[in-house]
Amino acid sequence: MAHGVLSFPLTSFRDDGSLDPDGFRAHVAAQLATAPGAVFPACGTGEFFSLDEDEYRRVVAIAVEEAAGRVPVVAGVGYGWAQAVRFARIAEEAGADALLVLPHYLVTAPQDGLVAQLEHIAARTRLPLVAYQRGQVAFTAASLRRIARIPTVIGLKDGHSDLDRLQRLTLAAPDDFLFFNGAATAEIQARAYATVGVPAYSSAVHAFAPEIANAFFAALRESDDKTVEKLLRDFYVPLVELRDRAPGYAVSLVKAAARLRGRPVGPVRAPLTEPSAVDLADLRTLLTTGLDLVGATL
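Every value quoted in this text rests on a predicted model; they were computed, and no experiment measured them.

Scoring rules and cut-offs
Each residue is numbered by its place in its chain's sequence as written, counting from 1. At least 70 in pLDDT is required for a residue's local features to be given in this predicted model, at least 80 for side-chain atom pairs to be given and counted, and no such filter applies to totals for whole chains, interfaces and linings, which use all residues. Heavy atoms throughout the structure, all of them, feed into the side-chain values; hydrogens and water do not. Throughout this description, the term nonpolar core refers to a set of buried Ala, Val, Leu, Ile, Met, Phe, Trp, Tyr and Cys residues connected via side-chain atoms within 4.5 Å. Between buried and exposed lies partly exposed: a residue is buried under 20% and exposed over 50% of the maximum accessible area for its type, with that area taken using a 1.4 Å probe on protein chains only. Secondary structure elements follow DSSP: runs of H or I no shorter than four residues count as helices, runs of E no shorter than two count as strands, and numbering proceeds from the N terminus. Contacts are residue-level and defined by heavy atoms, with any inter-residue pair within 4.5 Å sufficient. Between 30 and 60 degrees the pair is tilted, below 30 it is stacked and above 60 it is edge-to-face, where a pair is any two Phe, Tyr or Trp rings, Trp via its six-membered ring, whose centres lie within 6.5 Å. Any Lys NZ or Arg CZ found within 6 Å of a ring centre and within 35 degrees of that ring's normal is scored as a charge over the ring. Should DSSP find at least two bridges between two strands, the strands are taken to pair. Only the stretch in contact is used when a helix axis is fitted, and all axes are lines through C-alpha atoms; the angle between N-to-C directions ranges over 0 to 180 degrees.

All right, on to the nonpolar core then. By size, the foremost hydrophobic cluster in this structure holds 71 residues, and its most contacted members are Y56, L100 and I147. The leading source of residues in this core is helix α2 (residues 53-67), at eight residues. Setting aside its immediate chain neighbours within four residues, Y56 contacts A42, F48, L51, A75, G76, V77, F87, I90 and A91. Residues A207, F217, A258 and L287 belong to the second largest nonpolar core, which totals 33 residues.

Below you can see the structure in the form of structure tokens.
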């Protein structure tokens, strides 16, 4: 998973809000055609929080079928540990290779509770777990050592972008423990994360413009600073500025961009809302610019 952009596919919905399995299958197939390092269905970008258990089962199963063993399929699970275990069992039955444990619901918790959450889930599924620290979940180095001793906890995805804390975590971890950059637009901070030993990252851009995401990843890997900085300056930074115009754009703007590329992903589900007409026009302009930078077209 450290040798390619990590794909977090969007969950396809019809205009009436129902799940669109055929659209999702087509979207995942298109993502896989661009050779990601792994596929993470039903996670934050995939609107895990809005899926019921039957929908979740279909989404994970489709991702597994399309991946066909070519890359790992890591399904999202979340809420309290009891409900996370329900989703974990569904993902296991559907053939997922591992689980991404999304931040628990609503409450803040002490470090002992954060560790216990993972212990409870790990005791009830055979699948490897990647913890996701973001929002109310933030592990200390001492807690990292504890969760790394859980046999099936294999890694940590970080969404805090606190490099001081993250460096302490990487130094506390075993050599084979995985770390992933899970910042909202990970490319913006990819070089900084790499300096503390975290080169792998998830890419929301990959969901709608894998040409841009893969070009950035290749330039970063080859230390092509000129290309990295041009893509950051002319595409990624303006994208973040556009994303920050309204809450929820980290998902709804990504879906809108995918629709501009003809991807059958449909609308977002409430409580997310669609981007405004003005923001959609600006998104189209920016997307055209970004694709032009890597020799692609809308």
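Turning our eyes to something else, we now look at the packing of aromatic side chains. Geometry of an aromatic ring pair is reported as the spacing of the ring centres plus the angle between the planes. Evaluation of the coordinates by the stated rule reveals ten aromatic pairs. With a centroid separation of 5.9 Å and 75° between ring planes, the pair formed by F48 and Y56 is classed as edge-to-face. The residues F48 and Y56 share a single accessibility class, namely buried. Ring geometry for F235 against Y236: centres 5.1 Å apart, planes inclined by 80°, an arrangement best described as edge-to-face. Y236 matches F235 in its accessibility class, with the two residues each being buried. Through a chain of ring-to-ring contacts, the aromatic side chains of F48, Y56, Y79 and F87 assemble into a single cluster. Sitting above the plane of the Y132 ring, K157 keeps its charged end 4.4 Å from the centroid.

This next bit is on the sheet that holds strand β1 (residues 6-7). The strands making up a sheet associate through hydrogen bonds between their backbones, and the pairing can be parallel or antiparallel. Strand order in the open sheet formed by three strands is β2-β1-β8, and the pairing between neighbours is parallel. Of all the strands in the sheet, just β2 (38-39) and β8 (202-203) have a single pairing partner and so form its edges. As defined by bridge partners, β1 adjoins β8 across two bridges and the pair is classed as parallel. The partner of L6 across the bridge, within β8, is S202.

Strand order across the open sheet formed by five strands is β3-β4-β5-β6-β7, with parallel pairing between neighbours. The open sheet has two free edges, formed respectively by β3 (74-77) and β7 (178-181), since each of these has just one partner strand. For this sheet, the mean angle separating the axes of adjacent strands, direction not counted, is 25°.

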